[in-house]
Amino acid sequence: MHPQTVSVDGVVQRWEDLRLHDFSQGFFFGAGFFTTFRIDAGQPRFLARHLSRLRGSLDAFSTAVRAPAPALLREDAVREALRRCLTADAAMGPRFTGVGKLAVSDGHVLCTFRPFPTELEALHRQGRELEGVEAGAYRRAERTVNHKGLAYFRQHALMPWMPVLTNEAAEVCELPTANLFVQLDGALVTPPLSAPCLPGIARAVLLAMASVDGLPVVERVLPLADLSRAQACFYSNAVALAVGVPRLLGRELPDSLRLAERARAALDARAIREG
């Protein structure tokens, strides 16, 4: 069962008390942005980075989405709203571990919570095979893909299948909910934002680290055909951190689970330092 305590503009309330007309722009037209983040023992991870991405999306689409008051997206304000929600809900408590989500639309900031996916532990232990490709799903430099919008229908519909999404030039972009990292030619390669792909938080941290398990982390065009030469692979997002891909498009990649484990450890350590 998902927690029923939420906050709207920092005010704690129950989920059932939300008023639809307060979020009509986001509900009816998908005009808004969101970010999803880990909470470990009550501490939101990489919160400053998540808020920076939200503000960047609002600035990029300033005429399409009504932004909230800037003070509502300050890190201290969001942390305080999270703290009050966790304290108010006995089912969560101050040391809640799970997932937080900030959705911004209609001039409001909505914060909700949910448990970790039930399959997360198994994903970390066993990884996930990727066997499909959604060819030509994106167009090079398509601007909307660089922002996590509420109108996420294309990606959401593909989540059960989790194909590799490519652009019209048969270049790898991302997965429906994650960025892709491939060990190739002595480096750990991830597609550029112009592919396009979402500027994922875990992706940005790994690029800033510059290396994982001794491999330089680089951002470059990744032709789909190059996946046939991959030595290992994992995908990343802010909740799962890194998930190994032991089988990629018909090829066994036994080193993927170990590489993903190293990436998770590095991300977890950085998250604790950054807060």
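These notes cover the structure that comes with them. As the structure is a prediction and not an experimental result, all values here were calculated from the model. (Residues numbered from 1 in each chain as written. Predicted model: local features only at pLDDT ≥ 70, side-chain atom pairs only at ≥ 80, totals over all residues. Heavy atoms only, no water.)

In terms of helices and strands, the protein carries 7 helices and 17 strands. Over its C-alpha trace the protein gives a radius of gyration of 19 Å, about what one expects of a compact globule, namely 19 Å for 275 residues. If you line up the protein on its principal axes, its C-alpha atoms span 50 × 40 × 30 Å. Per-residue burial for the protein yields a buried fraction of 52% across its 275 residues. Restricting to contacts in the protein with at least 6 residues of sequence separation, those with at least 24 account for 70%. Accessible surface, the protein as shown: approximately 12400 Å² in total, 55% of it carbon and sulfur. Within the protein, the 29 negative side-chain charges are centred at a point lying 3 Å from the centre of the 32 positive side-chain charges. (Helix = DSSP H or I, 4+ residues; strand = E, 2+ residues; numbered from the N terminus. Rg over C-alpha atoms; globule rule 2.2 N^0.38 Å. Buried < 20%, exposed > 50% of the residue type's maximum accessible area, 1.4 Å probe, protein only. Contact = heavy atoms within 4.5 Å. Areas by Shrake-Rupley, 256 points an atom, 1.4 Å probe, with all protein chains shown as cover. Lys, Arg positive; Asp, Glu negative; His and termini not counted. Charge placed at Lys NZ, Arg CZ, Asp CG, Glu CD.)

Before going further, it helps to examine the packing of aromatic side chains. The final tally for this structure, using the stated rule, is 5 aromatic pairs. For the pair Phe 34 and Tyr 152, a centre-to-centre distance of 5.6 Å together with 90 degrees between the ring planes defines the contact as edge-to-face. Separated by 118 residues along the polypeptide, Phe 34 in strand β3 (residues 33-40) and Tyr 152 in the loop between β7 (133-138) and α5 (153-158) bring together distant segments of the chain. Classification of Tyr 152 as buried rests on a relative accessible area of 15%. Considering the side-chain rings of Phe 181 and Phe 234, the 5.2 Å spacing of their centres and the 15 degrees angle between planes classify their relative orientation as stacked. (Phe/Tyr/Trp six-rings, centres within 6.5 Å; stacked < 30°, edge-to-face > 60°.)

In this section: the packing of helix α6 (residues 201-209) against helix α7 (residues 256-274). Running from N to C, α6 and α7 cross one another at 95 degrees; their axes reach a closest spacing of 10 Å. Overall, the two elements α6 and α7 adopt an arrangement that is roughly perpendicular. Residues Ala 202, Val 205, Leu 206 and Met 209 of α6 touch α7, and the partners they reach there are Ala 263, Ala 266, Leu 267 and Arg 270. In terms of residue class, the contact of α6 with α7 is built from 7 nonpolar, no polar and 1 charged. (Axes fitted to C-alpha atoms, helices over the stretch in contact; angles between N-to-C directions. Parallel < 35°, antiparallel > 145°, perpendicular 65-115°, else oblique. Nonpolar A, V, L, I, M, F, W, Y, C, P; charged D, E, K, R; others polar.)

Axis separation between helix α2 (residues 47-60) and α6 bottoms out at 10 Å; the angle between their running directions is 115 degrees. Relative to α6, α2 is oriented roughly perpendicular. Our pair here, α2 against α6, has a crossing hand that is right-handed. Of α6, the residues touching α2 (which contributes Arg 49, His 50 and Arg 53) are Ile 201, Ala 204 and Val 205. (Left-handed = near helix turned anticlockwise from the far one by under 90°.)

A few words on the pattern of salt bridges. According to the stated counting rule, one finds 21 salt bridges in the structure shown. The residue Arg 14 makes a salt bridge to Asp 89 at a minimum N-O spacing of 4.0 Å. Residue Arg 14 is located in strand β2 (residues 11-14), and its partner Asp 89 is located in the loop between α3 (75-88) and β5 (98-105); the two are separated by 75 residues in the primary sequence. For Arg 14, a relative accessible area of 34% translates into the label partly exposed. The partner of Arg 125 in a salt bridge is Glu 121, and the shortest N-O contact between them spans 3.8 Å. On the criterion of helical spacing, the pair formed by Arg 125 and Glu 121 is a turn pair, its members being 4 residues apart in helix α4 (residues 120-126). (Salt bridge = Lys/Arg side-chain N within 4 Å of Asp/Glu carboxyl O.)

With that out of the way, let us pick up the sheet that holds strand β8 (residues 164-167). If you trace the 3 strands from one edge of the open sheet to the other, you get β7-β8-β9, paired in mixed fashion. Each having just a single partner strand, β7 and β9 (172-174) make up the two edges of the open sheet. When strand polarity is set aside, the average angle formed by the axes of neighbouring strands in this sheet is 45 degrees. Across 3 bridges, β7 lies against β8 in parallel orientation. Note on β8: the bridge partner recorded for Tyr 138 is Asn 167. (Pairing = 2+ DSSP bridges.)

To continue, consider unusual backbone geometry. Residues Ala 195 and Pro 196 are joined by a peptide bond in cis, for which omega reads 5 degrees. On the secondary structure map, Pro 196 appears in the loop between β11 (187-190) and α6. Phi at Phe 46 is positive, roughly 55 degrees, even though this residue is not glycine. By the element assignment, Phe 46 lies in the loop between β4 (43-44) and α2. Among the residues examined, Phe 46 registers a relative accessible area of 3% and is labelled buried.

Our focus in this paragraph is α6. The set of residues buried in α6 consists of Ile 201, Ala 202, Arg 203, Val 205, Leu 206 and Met 209. With its phi angle positive at about 80 degrees, Ala 210 sits one or two positions after the end of α6.

Relative to the assigned elements, Leu 102 resides in strand β5. The spatial distance from the C-alpha of Leu 102 to the C-alpha of Phe 34 is 5.4 Å, given a sequence separation of 68 residues. Those residues in contact with Leu 102 that sit more than four places away from it in its chain are Phe 33, Phe 34, Thr 35, Phe 37, Leu 47, Leu 51, Leu 54, Val 78, Val 109, Leu 110 and Cys 111.

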